[in-house]
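# Observations on the three-dimensional arrangement
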Amino acid sequence: MHATTIEKGNSTDLIDTPCLLVDLDIVDKNLESLFQKFRNRKVNVRPHLKTVKSPEFAKLLLQAGAIGVCTAKVSEAEVMAAAGIEDILITTEIIGAAKLGRLTKLISKHPEIKVVVDSQIGIAAMQQSASEANVNLKVLIELNVGQNRAGTEPGEPALKLANEIAKQPNLHLLGIQGYEGHLQLLTDEAERKRLCTEAMERLMSTVALLRENGHTTEVITSGGTGTAEYCADAGVNEVQPGSFVFMDGAYRRAIGERYGHALTVVATVISKPADNRCVIDAGFKSLSTDSGNAELKVQSDISYRPAGDEHGILESASGTIPLNIGDRVELIPSHIDTTVNLHDYYYCHRGGKLEHVWKLSARGKVQ
Ligand SMILES: Cc1ncc(COP(=O)(O)O)c(C=O)c1O
């Protein structure tokens, strides 16, 4: 396999394209700048692995001080648990006999896995599955703090769920999750902070109500790359950012350069049909477009657009493009999570010398 023929210490110029290139020095800086913010605030960091989808990066995050990790899906948690990572919060509701069966099987070997729930139906199904498998589940109530995605409403509806969980012999209420995903990419920082503080008031007032009614809420978790500090300042005791590890174009446009672009997609110029236009070997299957088009790492008047599954076009607004057939270019993905999920390997380097080829073991794990 190609990935194994590249050796440590080789120049990254030898890697076939398109490929994911990770600058570990920038990753280190991103981790340090995020973790120091929360060390100072005495708030736990439980990074979301939906971005990196790799046990090796998960372990870097744990070494940097993460208390545990989040995954979006049971199948991602299976990959992480198999790699020896025990403390995992699965942040998406787990519905359906197949998935609950997988979950309870996993939890029988990895009891530190935690799950979220936002409905009576979900609670009943989890209890039945847990009882059949003879395991106990640590459960967080998911609260809608304004994203209007999943999550029960704050206040009484959340209390009703807490009361219901308390009646279940195999479920243990551990806490509450209120993720404000709708605020992550707001470009106006003051507005992002204000709306996040409001969202966290919904979360914290529900925590107070649950506590007044005798429920434990040991873990209060929320926050992404764009909001985690504000969540911590508003009283949560865990934050779950993910994209900060690599960053992407959409986040930089929203929050600026507090974290660096650690990941690029390298592509090769395969054709130059006109002076102002090149064709590269990276299209829809190498760079996601749900948050717009990728951009060249080196700033110029050259724009990128996909031109099919396997082709992309670089075009210069001012005329001649200073690239030739065979040249390599680095692109910054617009959305990191959906781009990473298109690739098999991370090629990790320091100063242009290859250090590791890490498989994206949880790539495509959407179940
Ligand atoms: C529940 C939850 N928590 C945390 C995150 C991490 O957010 P980000 O990658 O924007 O830091 C996400 C991202 O979608 C999420 O869905």
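Rules of the game
Residues numbered from 1 in each chain as written. Predicted model: local features only at pLDDT ≥ 70, side-chain atom pairs only at ≥ 80, totals over all residues. Heavy atoms only, no water. Phe/Tyr/Trp six-rings, centres within 6.5 Å; stacked < 30°, edge-to-face > 60°. Helix = DSSP H or I, 4+ residues; strand = E, 2+ residues; numbered from the N terminus. Buried < 20%, exposed > 50% of the residue type's maximum accessible area, 1.4 Å probe, protein only. Near = heavy atom within 4 Å. Polar contact = N/O pair within 3.5 Å; in protein donor to acceptor, adjacent residues only side chain to side chain. Areas by Shrake-Rupley, 256 points an atom, 1.4 Å probe, with all protein chains shown as cover. 1 Å grid on protein atoms, 1.4 Å probe; cavity = no way out; pocket = protein on both sides within 12 Å on 5 of 7 lines; lining within 4 Å. Sits in = over half its atoms within 2 Å of the grid points. Nonpolar A, V, L, I, M, F, W, Y, C, P; charged D, E, K, R; others polar. Domains from an automatic or database assignment. Contact = heavy atoms within 4.5 Å. Buried area = accessible area lost by both parts, 1.4 Å probe. Salt bridge = Lys/Arg side-chain N within 4 Å of Asp/Glu carboxyl O. Points joined across faces, edges and corners; volume = space filled by probe spheres on them. Axes fitted to C-alpha atoms, helices over the stretch in contact; angles between N-to-C directions. Parallel < 35°, antiparallel > 145°, perpendicular 65-115°, else oblique. Left-handed = near helix turned anticlockwise from the far one by under 90°.

### So, the packing of aromatic side chains
- A complete count under the given rule lists 6 aromatic pairs for this structure.
- Ring geometry for phenylalanine 57 against tyrosine 346: centres 4.9 Å apart, planes inclined by 80 degrees, an arrangement best described as edge-to-face. With phenylalanine 57 in helix α3 (residues 55-63) and tyrosine 346 in strand β16 (residues 345-350), the pair connects residues that are 289 residues apart, well separated along the chain. One exposure class covers both phenylalanine 57 and tyrosine 346, and it is buried.
- An aromatic cluster is built from Phe57, Phe246, Tyr346 and Trp358, whose rings are joined through pairwise contacts.

### Describing unusual backbone geometry
- Residues threonine 17 and proline 18 are joined by a peptide bond in cis, for which omega reads -5 degrees.
- Inspection of the secondary structure assignment puts proline 18 in the loop between α1 (2-5) and β1 (19-23).
- Even without a glycine there, the phi angle at lysine 42 is positive, about 55 degrees.
- Under the relative-accessibility criterion, lysine 42 is labelled exposed at 75%.
- In this model, asparagine 134 sits at a positive phi of 55 degrees, which is unusual for a non-glycine residue.
- The topology assignment puts asparagine 134 in the loop between α6 (120-133) and β6 (137-142).
- A relative accessible area of 66% places asparagine 134 in the exposed class.

### Things to note about the site of the ligand
- In the neighbourhood of the ligand, 14 residues make up the surrounding shell, with Thr225, Gln240, Gly242, Ser243 and Tyr251 lying closest.
- Between the ligand and threonine 225, the relevant distance is 2.6 Å, taken from an oxygen atom to a side-chain nitrogen or oxygen of the residue.
- Expressed as a share of its isolated accessible area of 390 Å², the protein-covered part of the ligand is 91%.
- Judged by its atoms lying within 2 Å of the grid points, the ligand is housed in the largest pocket.
- Tallied by class, the residues present in the shell around the ligand amount to 3 nonpolar, 9 polar and 2 charged.

### With respect to the domain arrangement of the protein
- When its domains are assigned, the protein resolves into domain 1 (2-19 + 258-359) and domain 2 (24-246).
- On the side of domain 2, 26 residues touch domain 1, which itself brings 19 residues to the contact.
- Together, the buried faces of domain 1 and domain 2 total about 1900 Å²; carbon and sulfur atoms form 52% of this surface.
- At the boundary of domain 1 with domain 2, the tally comes to 5 salt bridges.
- The partner of aspartate 28 in a salt bridge is arginine 350, and the shortest N-O contact between them spans 2.9 Å.
- Joining domain 1 to domain 2, the criterion identifies 11 residue pairs in polar contact (both at pLDDT 80 or more).
- Of all elements in the fold, only α11 (336-340), β16 and β17 (353-359) reach the threshold of two or more residues within the side of domain 1 that touches domain 2.
- Residues belonging to the side of domain 1 that touches domain 2 are distributed by class as follows: 8 nonpolar, 6 polar and 5 charged.

### What about the pattern of salt bridges?
- Here the structure, examined in full by the defined rule, presents 25 salt bridges.
- As a salt-bridge pair, lysine 37 and glutamate 229 come within 3.8 Å of each other at their nearest N and O atoms. Residue lysine 37 is located in helix α2 (residues 24-41), and its partner glutamate 229 is located in helix α9 (residues 228-233); the two are separated by 192 residues in the primary sequence.
- Note on lysine 37: relative accessible area 14%, which makes it buried.
- Of the charged contacts, one joins glutamate 112 and lysine 138 as a salt bridge, the two residues approaching to 3.2 Å between their closest N and O atoms. Residue glutamate 112 is found in the loop between α5 (97-109) and β5 (114-117), and its partner lysine 138 is found in strand β6; the two are separated by 26 residues along the sequence.
- On the basis of relative accessible area, glutamate 112 is assigned to the partly exposed category, the value being 34%.

### Side note on the layout of surface pockets
- Within this model, the largest pocket holds a volume of roughly 610 Å³.
- Looking at the largest pocket, it is lined by 31 residues, and the ones nearest its centre are Lys50, Arg149, Tyr179, Gly181 and Asp337.
- Among the residues forming the lining of the largest pocket, the class breakdown is 7 nonpolar, 17 polar and 7 charged.
- In terms of domain composition, the lining of the largest pocket takes at least three residues from each of domain 1 (2-19 + 258-359) and domain 2 (24-246).

### Describing the packing of α5 against α6
- Remark: α5 packs on α6, axes separated minimally by 10 Å, with the N-to-C direction vectors making an angle of 45 degrees. Here α5 lies oblique to α6, going by the angle between them. Pair α5 / α6 crosses with right-handed handedness. Contact with α5, carried on its side by Leu100, Gly101 and Thr104, involves Ala125, Met126, Ser129, Ala130 and Ala133 of α6 and no other residues of that element.
- Here the contact of α5 with α6 is built from residues that sort into 5 nonpolar, 3 polar and no charged.

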